[in-house]
Every structure is written in structure tokens, then in C-alpha cells.
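Listed here are the chains, written in short residue letters.
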Amino acid sequence: MPIAVLLGDINVDLLLAIPAYPPEGGEAIANSQVQQLGGSATNTAIGLARMGMAARMIGRVGSDAVGDTALADMAGAGVDTNWISRDPAEPTQTNIVVVSASGERTMFAYRGANARLAPGQIEPDVLEGAGMVHLSGYSLLQSPQRDAAFKLASLAYAAGIPVSLDIPAGVAAEIAQQVRRFAPMLDTVLLGEADIDQMGFATANNIVALGIRAVVVKRGAAGCLLVTAAAATSIPGLAVTVVDTTGAGDAMAAGIIAARLAGLAEDEACQLGATLGALTVGRVGAGLAMPTLREAEALLTTSMTTGRLIDALRAWIGKHTGR
Ligand SMILES: Nc1ncnc2c1ncn2[C@@H]1O[C@H](COP(=O)(O)OP(=O)(O)OP(=O)(O)O)[C@@H](O)[C@H]1O
Ligand SMILES: O=C(O)C(=O)C[C@H](O)[C@H](O)CO
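Cut-offs and rules
- Residues numbered from 1 in each chain as written.
- Chains lettered and ligands numbered in written order.
- Predicted model: local features only at pLDDT ≥ 70, side-chain atom pairs only at ≥ 80, totals over all residues.
- Heavy atoms only, no water.
- Helix = DSSP H or I, 4+ residues; strand = E, 2+ residues; numbered from the N terminus.
- Buried < 20%, exposed > 50% of the residue type's maximum accessible area, 1.4 Å probe, protein only.
- Contact = heavy atoms within 4.5 Å.
- Areas by Shrake-Rupley, 256 points an atom, 1.4 Å probe, with all protein chains shown as cover.
- Lys, Arg positive; Asp, Glu negative; His and termini not counted.
- Charge placed at Lys NZ, Arg CZ, Asp CG, Glu CD.
- Pairing = 2+ DSSP bridges.
- Axes fitted to C-alpha atoms, helices over the stretch in contact; angles between N-to-C directions.
- UniProt positions renumbered as here; feature names shortened; annotations may be inferred.
- Phe/Tyr/Trp six-rings, centres within 6.5 Å; stacked < 30°, edge-to-face > 60°.
- Lys NZ or Arg CZ within 6 Å of the ring centre and 35° of its normal.
- Near = heavy atom within 4 Å.
- Polar contact = N/O pair within 3.5 Å; in protein donor to acceptor, adjacent residues only side chain to side chain.
- Nonpolar A, V, L, I, M, F, W, Y, C, P; charged D, E, K, R; others polar.

Here we take up the overall build of the protein. When helices and strands are tallied, the protein shows ten helices and 13 strands. By principal-axis analysis of the C-alpha atoms, the protein measures approximately 50 × 45 × 45 Å. Taking all 323 residues of the protein together, the buried fraction comes to 56%. Taking as baseline every contact in the protein between residues at least 6 positions apart, the subset at least 24 positions apart corresponds to 70%. In the form shown here, the protein has an accessible surface area of approximately 12,600 Å², with 55% of it arising from carbon and sulfur atoms. Here the protein carries 21 positive and 29 negative side-chain charges, and the mean point of each set is 5 Å from the other.

If you want it as C-alpha cells, here you go:
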């Protein structure tokens, strides 16, 4: 099976669940505190590993203890960490993730070592065995990390390897110009419904018109919309109790990439993405909390009992567990 190569942030998320936001200068006492591995592309890499896929991560952490833990956690989950460098001066990014009573996340971050990933770190052999390349939208925020992302996308495009870009909630307007610059090299773009307007596109079809083969519009509890030049297909959301929305988009990307690498159709890939997204909002955080194949199968079985996707998931499980 071809592997996925991912470029983006490697973070430690400090998740604080608060009952309500305080006024500026006030204090919110959290109901709980969880510290765990995070970073959008890292979460997607772990999600892919949880699906039994091979994932190679390109990124940068600090020369600090949290960087050691992040690398060990990723390697322990089965992600190839050989293309991750250490910054001698900047810290591993730590995100304060404030989760409100409705489960919505708001983040505070210093980008530290992530932003210092340089194009010199991207050698052509990073694409050895690659079937897909995935970029996190956070990697388009600043150079030199953005230049590294551009170099990787250019190499992949030249080699005929499809490139996907996930645009996380909150940064769309900031990276709108960069998305247009990267567009000729992109195969698939995932973005939130509200981001389409914020980026000045008005409709998902206008993004497709840039030459992008598939646009996946993330719609929270409503699921997602797959838009190609030929059709728009709605994939409904699965019913779950929302605990924390952190990483839902990252999990969705993992499902889509895994299914595509496994040769499933585009709408089935989105269905698996929506399943992993729904499972993720039902738990605290992302990182090592990314759903497994068995969890995806169990949730999908409650909404559909037959079909190629379920068969494929069962075959995957059989292959990885000998069941
Ligand atoms: N409340 C929910 N119920 C069911 N499915 C959900 C829910 N929230 C998200 N999902 C699934 O996960 C996908 C991605 O979630 P969402 O739309 O919140 O993306 P996002 O804003 O990019 O997330 P993030 O940036 O926090 O990772 C949705 O398209 C949907 O399929
Ligand atoms: O990728 C980044 O830089 C993020 O801010 C993502 C968060 O760390 C978090 O894990 C949610 O995706």
C-alpha cells in the first residue's frame, strides 16, 4: 500500500474545559485539564496510523522535553518520525486549547519550532513510496515553514502524487492568498463552510474552478459536502454527543486519505472521514485519542450495515488483526 507523507505542526495541546468565558482580565476556572500530543498534521498522521496506514511526518520540534515526548508518542503510534528535525532555540509549540461548554475549541499558540521548518529539510527521497501528500493549512501561515510546504507540494506535483490541503477553522482568511498560490499543485482541499466566504470564494465551485479536483466542505454536525466539477454530494453527519470539537477536521482528513490510499471511491472516502470526525468530537482532544478502525466500523455499522465501505473496513481489520 502506498504511504501518506504529511507536513505540518507537531504540538502539545493543553486542553482546558471551561464552563464560560471570563471578561478580559478575568479568570476562568477549568473543570478539567488534559495535556496531549496535537498539531493538525500530527493528528492526521496518527489517525492514518490508527487506520493501519503508513504515515511519514515532516516537521520540527524544539530541543525540549515536550519535543522528546511528542516524538516518542508519534513513533509509538507507528508514525515515521525520521523526517522530523529539532530546533536548537525555539520551543515545541504548546497550544492552550480552551473548550467551552458546547464543546467548541478556541486556541492560543506560539508557533515556535514549527514555523522554522526549512525547505532544506525537504529532499526528493522523502516521497519514496508516497501515494499521497497532505499539508496542514497552518503550514501556510509563515516562512520558512511555508516555503518547505511549497517545495514538498512542487515535488509531489511533478511526480504525479496527489496533494491535499486541510484548512482548519480560524486561519482561512489569513492564508487565502497562499491557497490561491498553491492551488495549481493541489488535488483536494478541505475547508469549513464559513471559510469559503471568508476566503473570498463565495462558492465551493469557485475553488474547483482553480483546477482543484475535489473540495470537501466541512459542515460540523451536518457532515460534509463533496464538490467536484461533475457533482456535489452531501454526506450526512453521524449522530454523536459532542464533548470537544478539537481535531474533528484532522480526523476527517485522515479518513479521506486512508480510504483513497485503499482505493475506495471519493464519496466513500468522505464517509469514512465524517465517521472519524464524529468519533473525535465525542472525546477530549486529538493526537493519541484519534479513532481506530474498530471504532469506525462500530459507528458505521449502526448507520449502514452493508456497502463497499463497511466491507473494506472489515477487510482492513481482518488484515491488521488476523480476524
Ligand atoms: N457535532 C458533530 N457531529 C457529527 N459529526 C461531526 C460533528 N462535528 C464535526 N463532525 C464531523 O467532522 C468533520 C469535521 O469537523 P468540523 O466541520 O468541525 O471541521 P473543522 O472546523 O475543520 O475542525 P477542526 O479545525 O477543529 O479540526 C465534519 O465535516 C463532520 O463530518
Ligand atoms: O496544527 C496546529 O498548529 C494546531 O493549532 C492544531 C492543534 O494543536 C490541535 O491539535 C487541533 O487540531
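Across the sheet, which stays open at both edges, the four strands sit in the order β3-β2-β6-β7 with mixed pairing between neighbours. Sheet topology places β3 (32-38) and β7 (105-109) at the edges, where each strand pairs with a single neighbour. Ignoring which end each strand starts from, the neighbouring axes of this sheet average 25° apart. Bridging between strand β2 (residues 11-17) and β3 involves seven bridges; their strand directions are antiparallel. Bridge pairing in β3 places L16 opposite Q33.

Further remarks concern the UniProt feature "domain: Carbohydrate kinase PfkB" (unreviewed entry) in the protein. With numbering matched to this structure, UniProt assigns "domain: Carbohydrate kinase PfkB" (unreviewed entry) to residues 5-292. Secondary structure over residues 5-292 splits into 31% helix and 26% strand, and the C-alpha atoms at its two ends are 20 Å apart.

Per the stated rule, a full pass over the model turns up one aromatic pair. Measuring from ring centre to ring centre gives 5.1 Å for F150 and F182, while their planes differ by 85°; the resulting arrangement is edge-to-face. Of this pair, F150 sits in helix α3 (residues 145-158) while F182 sits in helix α4 (residues 172-182); the two residues are 32 residues apart in sequence, bridging distant segments of the chain. For F182, a relative accessible area of 0% corresponds to the buried category. Sitting over the face of the ring of F201, R180 holds its NZ or CZ atom 4.2 Å from the ring centroid. When the ring centre of F150 is taken as origin, the NZ or CZ atom of R181, which lies over that ring, is 4.2 Å away.

This part is about the pairing of strand β13 (residues 232-235). Summarising the sheet, strand β12 (residues 224-227) and β13 pair through four bridges and their orientation is antiparallel. Across the sheet, residue V227 finds its bridge partner in β13, namely A232. Between β12 and β13, which pair antiparallel one after the other, the connecting turn spans four residues.

On to the pairing of β7. Strand direction decides the pairing type here: strand β6 (residues 93-99) and β7, joined by five bridges, are antiparallel. Pairing of V98 across the sheet is with T106, part of β7. Connecting the antiparallel pair β6 and β7 is a turn made up of five residues, with G103 showing a positive phi of about 95°.

This next bit is on the site of ligand 2. As a matter of local geometry, ligand 2 sits amid 13 residues, with D9, D13, S40, N95 and D250 nearest to it. Within the side chain of D9, a nitrogen or oxygen atom sits 2.5 Å from an oxygen atom of ligand 2. When residues of the shell around ligand 2 are traced back to their parent elements, those giving at least two are β2, α1 (40-50) and β6. Residues of the shell around ligand 2, tallied by class, amount to two nonpolar, eight polar and three charged.

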